[in-house]
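# Analysis of the macromolecular model
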Amino acid sequence: GSKNQAASKDFTEANLPHNRKEQFFDIVKIYYTKLFAIGAILCLFFVPIIVVIIIRDIALVNVANAYSSDITTLEAMYANIKLIGASLLIVAFMIFSVALAATFKVFRRMIWGEPIFFKEDLITGLKENVVHFLINSYHLVLSKTLVLIYHTYPSISIKKIAFPSSNFISFQLESYVILIP
């Protein structure tokens, strides 16, 4: 019943995972409740991104319905809505990066097989990683926004505005074209 029972055999090195696949399934088996909690935290912090995308898309549909006869106005409104949406996505992704920063420490401790104190590790993970994650998410979404500006307003030279002394931005912008929906 409810009494603690001893294992039928001692723990040996043969019981340890031998490769990454076995380690992955071992982590899932041991920490499944913590993984669900991390998933819930990440989903909660992902909500602002989903809200911004939905509102942006609804606004685009409404503008298309309202200005379907006036192509010039429609194109201008589309461009403005996309730029406003991209600007709001910068903030939304930075909010999501806070959750990534906090959960990163818990993931790291899971992988190394260290003991996990969930709440404390989330707080220390946030303190240790938040600046790096905020900077990276800001640069990622800002680069996508610059590509959007580059393709929306081709007459503007982003190279001269954003990076006056760099020739690398033209190549970088062209390589991010795939990211634009």
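Please read all numbers here as calculations on a predicted model, not as lab measurements.

Time to look at the nonpolar core. Ranked by size, the top nonpolar core spans 17 residues in total, and within it Val106 and Met110 carry the most contacts. Within the residue set of this core, elements represented by two or more residues are helix H1 (20-66), helix H2 (71-112) and helix H3 (118-152). At eight residues, the largest contribution of residues to this core is made by H2. In contact with Met110, not counting residues within four places along its chain, are Ile27, Tyr31, Lys34, Leu35, Ile38 and Ile116.

What follows covers the packing of H1 against H2. At a minimum axis distance of 9 Å, the contact between H1 and H2 shows a crossing angle of 170 degrees. Between H1 and H2, the interaxial angle falls into the category roughly antiparallel. Its residues assigned to classes, the contact of H1 with H2 shows 33 nonpolar, three polar and three charged.

A few words on the packing of aromatic side chains. If you walk through the whole model with that rule in mind, you get two aromatic pairs. For the ring pair Phe46 and Phe96, a centre distance of 5.2 Å and an interplane angle of 80 degrees mean the geometry is edge-to-face. On the criterion of sequence distance, the pair formed by Phe46 in helix H1 and Phe96 in helix H2 is long-range, its members being 50 residues apart. Among the residues examined, Phe46 registers a relative accessible area of 32% and is labelled partly exposed.

Calculation rules
Counting restarts for each chain, with residues numbered from 1 along the sequence as it is written. Only residues with pLDDT of at least 70 get local features here, since the model is predicted, and only at 80 or more are side-chain atom pairs given and counted; chain-wide, interface and lining totals rely on the full set of residues. Based on all heavy atoms of the structure, the side-chain values leave hydrogens and waters out of the count. Here, nonpolar core refers to any group of buried Ala, Val, Leu, Ile, Met, Phe, Trp, Tyr and Cys residues whose side-chain atoms link them within 4.5 Å. Partly exposed residues are those whose accessible area sits between 20% and 50% of the maximum for their type, while under 20% is buried and over 50% is exposed, using a 1.4 Å probe and protein chains only. We count a stretch as a helix when DSSP gives it H or I for four or more residues in a row; a strand needs E for two or more, and each element gets its number in order from the N terminus. A contact between two residues is defined here by any heavy atoms of the two lying within 4.5 Å. Whenever a helix is involved, its axis is fitted only over the stretch in contact; in every case the axis is a line through C-alpha atoms, and angles between N-to-C directions fall within 0 to 180 degrees. Angles are sorted into four bins: roughly parallel if under 35 degrees, roughly antiparallel if over 145, roughly perpendicular if 65 to 115, and oblique for all others. Residue classes follow a fixed rule: Ala, Val, Leu, Ile, Met, Phe, Trp, Tyr, Cys and Pro count as nonpolar, while Asp, Glu, Lys and Arg count as charged, and any other residue, Gly among them, counts as polar. We call Phe, Tyr and Trp rings a pair once their centres come within 6.5 Å, taking the six-membered ring for Trp, and we label the pair stacked below 30 degrees between planes, edge-to-face above 60, and tilted otherwise.

Nothing here speaks to function; it is geometry throughout.
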